[in-house]
Amino acid sequence: MLHCMDPLDELIWHWGMAYRIWSAKGIWYARRKDQDEVMQAEGPESLSFMIRDDYFRRSGQVAPPPPQEEEP
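First, a word on what this report is: a plain description of the structure on this page. (Residues numbered from 1 in each chain as written. Predicted model: local features only at pLDDT ≥ 70, side-chain atom pairs only at ≥ 80, totals over all residues. Heavy atoms only, no water.)

**Some words on the sheet that holds strand β2 (residues 27–32)**
Now for step 1: The strand order across the open sheet formed by three strands is β1-β2-β3, and the pairing between neighbours is antiparallel. With one partner strand each, in any of the chains shown, β1 (19–24) and β3 (38–41) form the two edges of the open sheet. Between one strand and the next, the sheet's axes are offset by a mean angle of 20°, whatever the strand orientation.
Now for step 2: Bridging between β1 and β2 involves six bridges; their strand directions are antiparallel. (Pairing = 2+ DSSP bridges. Helix = DSSP H or I, 4+ residues; strand = E, 2+ residues; numbered from the N terminus. Axes fitted to C-alpha atoms, helices over the stretch in contact; angles between N-to-C directions.)

Okay, structure coming up:
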């Protein structure tokens, strides 16, 4: 049986230890737990990339590039 996660639950599962993540009225938000700065995006995928980039930038590592869509 295949179980799909809600996008909010999935973001929290991956990033919830370091970020407070929520959505309201179609906008998605994340705030690093040790910072006051709030990131916002129009969807969960965009927010996921923003969180990933923020996490790696603060850790001094380079994030791998996002996967590229194949052209038909």
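**Describing unusual backbone geometry**
Now for step 1: With a phi close to 50°, K25 is a non-glycine residue in the positive phi region.
Now for step 2: Take K25: it is sitting in the loop between β1 and β2.

**Examining the pattern of salt bridges**
Now for step 1: Scanning the entire structure with this criterion turns up five salt bridges.
Now for step 2: It is possible to trace a salt-bridge network through shared partners that takes in E37, D54, R57 and R58. (Salt bridge = Lys/Arg side-chain N within 4 Å of Asp/Glu carboxyl O.)

**Description of the layout of surface pockets**
Now for step 1: Considered as a void within the structure, the largest pocket measures approximately 180 Å³ in volume.
Now for step 2: Lining the largest pocket are P7, E10, L11, H14, W15, P44, E45, S48 and F49.
Now for step 3: Of all elements in the fold, only α1 (7–15) and α2 (44–59) reach the threshold of two or more residues within the lining of the largest pocket.
Now for step 4: With five residues, the single largest contributor to the lining of the largest pocket is α1.
Now for step 5: Class assignment for the residues of the lining of the largest pocket results in five nonpolar, two polar and two charged. (1 Å grid on protein atoms, 1.4 Å probe; cavity = no way out; pocket = protein on both sides within 12 Å on 5 of 7 lines; lining within 4 Å. Points joined across faces, edges and corners; volume = space filled by probe spheres on them. Nonpolar A, V, L, I, M, F, W, Y, C, P; charged D, E, K, R; others polar.)

**As for the packing of aromatic side chains**
Now for step 1: Tallied over the entire structure, the rule returns four aromatic pairs.
Now for step 2: Measuring from ring centre to ring centre gives 5.7 Å for Y55 and F56, while their planes differ by 90°; the resulting arrangement is edge-to-face.
Now for step 3: Taking relative accessible area as the criterion, Y55 reaches 33% and is therefore assigned partly exposed.
Now for step 4: Three or more aromatic residues joined by ring pairs make a cluster, and in this case those are W15, Y19, Y55 and F56. (Phe/Tyr/Trp six-rings, centres within 6.5 Å; stacked < 30°, edge-to-face > 60°. Buried < 20%, exposed > 50% of the residue type's maximum accessible area, 1.4 Å probe, protein only.)

Without other data, these values stay purely geometric and don't point to any function.
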